[in-house]
Amino acid sequence: YMWRIEVKEKPGVFDALGQSVRKNILDLGLTAVQGVDVVQVYILEGDLQPGDVEMIGERLLADPVTQDYFCAKGSSPHYDHSNPHKQIVEIAYHPGVMDPVEESTMKGIRDLGIAAVSSVRTAKQYHLTGNISPADLQTIVDKVLANKLIQHLVQEDAPEHSATAGPVSAGVKVASVDLLEADESRLKELSAQGQLFLNGNEMKAVQDHFPVLMPAKIVVR
């Protein structure tokens, strides 16, 4: 089964991440965006009961003082189009790209005594308020919200597992690079060459993670 949990700030609570995103948008000269709200999305896979999902949302993922959470079966987003002045965009990582939040979330779920979760994927949903043209929205996605090398736009009402199914890119050149024997300098070089935008500690985390999953090569697009 797939379950979707969304976490967002309560009405009236300052959304620091949303404000930061809006500032980055304004820095592009796009002044039509009047506000940005950010929703953290978790996609859980496993033989979970509704009570398990509620416990994960209430006790692990949401701060009961400042945040609300919403749970639903399935993984596909369902956007509310009732406000014509609001655009909703959801960004997820490509398959194989590790978000550190996923690993820490899995550990937290197990610490709650719930062993049925087999995987956790994450995404972020951005609610943009203002009279935003399609061209400006595309610029915002490309320049601020998504790094197209490691992330993709999740389509509304996409097939199940939408948050784990990245786009098929025609003509992409795939190269295999030695990762496990790379020292700190080489890891930073690989990050720069692959435009991964990961620092040394993040690259080391990737290096430590992959021996469990695969042989000593990592695919870089």
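Remember, it's a predicted structure, so these values are computed and weren't measured experimentally. (Residues numbered from 1 in each chain as written. Predicted model: local features only at pLDDT ≥ 70, side-chain atom pairs only at ≥ 80, totals over all residues. Heavy atoms only, no water.)

K.L.:
How would you sum up the overall build of the protein? Please name residues and give values.
P.N.:
Check the secondary structure of the protein and you find 6 helices and 8 strands. When the helices and strands of the protein are read in sequence order from the N terminus, they spell out β-α-β-α-β-β-α-β-α-β-β-α-α-β. Split into buried and exposed, the 221 residues of the protein put 39% on the buried side. Restricting to contacts in the protein with at least 6 residues of sequence separation, those with at least 24 account for 80%. Summed over its atoms, the accessible surface of the protein is roughly 12700 Å², and 53% of this surface lies on carbon and sulfur atoms. (Helix = DSSP H or I, 4+ residues; strand = E, 2+ residues; numbered from the N terminus. Buried < 20%, exposed > 50% of the residue type's maximum accessible area, 1.4 Å probe, protein only. Contact = heavy atoms within 4.5 Å. Areas by Shrake-Rupley, 256 points an atom, 1.4 Å probe, with all protein chains shown as cover.)

K.L.:
A description of the side chain of Arg121 should follow, citing residues and the corresponding values.
P.N.:
Looking at where Arg121 falls in the secondary structure, it is placed in strand 5 (residues 117-129). There is a polar contact of 3.4 Å between the side chain of Arg121 and the backbone oxygen of Val97. Of note is the side chain of Arg121, whose polar atom sits 3.4 Å from the side chain of Glu102. (Polar contact = N/O pair within 3.5 Å; in protein donor to acceptor, adjacent residues only side chain to side chain.)

K.L.:
Any details on helix 1 (residues 16-27)? Residues and values, ideally.
P.N.:
The end-to-end C-alpha distance of helix 1 is 17 Å, a good match for the 16 Å that 12 residues give at a rise of 1.5 Å each. Looking at helix 1, one finds that the buried residues are Gly18, Val21 and Ile25. Projected down its long axis, helix 1 shows its buried positions confined to an angular sector of 65 degrees, all on one face. Opposite the buried face of helix 1, by more than 90 degrees, sit the exposed residues Lys23 and Asp27. Looking at the buried side of helix 1, the elements it contacts are strand 2 (35-46), strand 5 and helix 4 (134-145). Capping the start of helix 1, Asp15 holds a side-chain oxygen 3.4 Å from the backbone nitrogen of Leu17, two or three residues further along. Among the residues trailing helix 1, Gly29 stands out with phi positive, at a value near 85 degrees. (Expected span 1.5 Å × (residues − 1). Arc of directions from axis to C-beta.)

Honestly, it's all geometry; don't read function into it.
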